[in-house]
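Secondary and tertiary structure notes
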Amino acid sequence: MKFNWGTGIVIAFVGFISFIMYFVINMSTNKKLDHDLVTEDYYKQELLYQNDINKEKNASKLLGKLSWKKSVEGMIITFPEDLDYNEIKGKVFLYRPSNKQLDFETTFSLSNHNLLIPDKRLLDGRWNIKIDWNYKGNNYLFKEEILY
């Protein structure tokens with residue numbers, strides 16, 4: 001067989017295609033390189049985003065602000081003192097960007113102005129916290145990226 005320019009170009013194309021296919025297959029099957037969406041129902045959540053904007057506007061109009069601090073027992077979330085804590089109900093969602101298995105959501109109704117999330121549920125590092133709460137028919141939302 002005679003090796004000429006045509007044969008060299010075909011070998012170069014086959015080598016390049018093989019090289020690209022190797023990386024495509026490797027990236028598709030390697031579990032370390034698996035990147036999930038933030039939520040399973042991403043598009044549904046996107047359509048509901050205007051509701052979140054309205055809830056955040058309501059929260060910004062409050063006299064007192066929602067705050068959090070780290071303590072020995074865990075994370076203490078403090079609701080505004082000027083509100084009646086018996087009327088506050090809602091849910092807390094904590095999202096861990098680095099590990100989906102650590103995400104959790106819990107509902108709450110308060111017995112004082114503080115809500116405690118136990119330390120055993122939280123690992124040190126970055127968390128996204130989302131508190132969706134209701135007070136006397138008005139909906140409020142608190143979202144923040146925190147380092148615990």
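Preceding this paragraph is the structure being described.
Below, the structure is looked at part by part. Predicted model only: the values in this text are computed from it and were never measured. (Residues numbered from 1 in each chain as written. Predicted model: local features only at pLDDT ≥ 70, side-chain atom pairs only at ≥ 80, totals over all residues. Heavy atoms only, no water.)

**Considering the overall build of the protein chain**
Selection rule: Secondary structure counts use DSSP, requiring at least four H or I residues in a row for a helix and at least two E residues in a row for a strand, with both numbered from the N terminus. Our radius of gyration looks at C-alpha atoms and nothing else; its globule reference is 2.2 Å times the residue count to the power 0.38. Relative accessibility thresholds used throughout: buried, under 20% of the residue-type maximum; exposed, over 50%; partly exposed, between the two (1.4 Å probe, protein chains only).
If you tally the helices and strands in the protein chain, you get three helices and seven strands. Listed by position from the N terminus, the elements making up the protein chain come as α-α-α-β-β-β-β-β-β-β. The C-alpha radius of gyration computed for the protein chain amounts to 25 Å, which surpasses the reference 15 Å derived for 148 residues by more than 25%, pointing to a less compact arrangement than a globule. The principal-axis extent of the C-alpha atoms belonging to the protein chain is close to 90 × 35 × 20 Å. Across the 148 residues that make up the protein chain, the buried fraction comes to 27%.

**Quick look at the pattern of salt bridges**
Let me state the cut-off plainly: Just to be clear on terms, a salt bridge is a Lys or Arg side-chain nitrogen sitting within 4 Å of an Asp or Glu carboxyl oxygen.
All told, the structure shown has five salt bridges when counted by the stated rule. The partner of Asp-52 in a salt bridge is Lys-130, and the shortest N-O contact between them spans 3.4 Å. Here Asp-52, found in helix α3 (residues 49–60), pairs with Lys-130, found in strand β6 (residues 126–135); they are 78 residues apart in sequence, far enough to count as distant. Taking relative accessible area as the criterion, Asp-52 reaches 10% and is therefore assigned buried. In this structure Lys-130 comes out as partly exposed when scored by relative accessible area, which is 25%.

In short, geometric facts, not functional conclusions.
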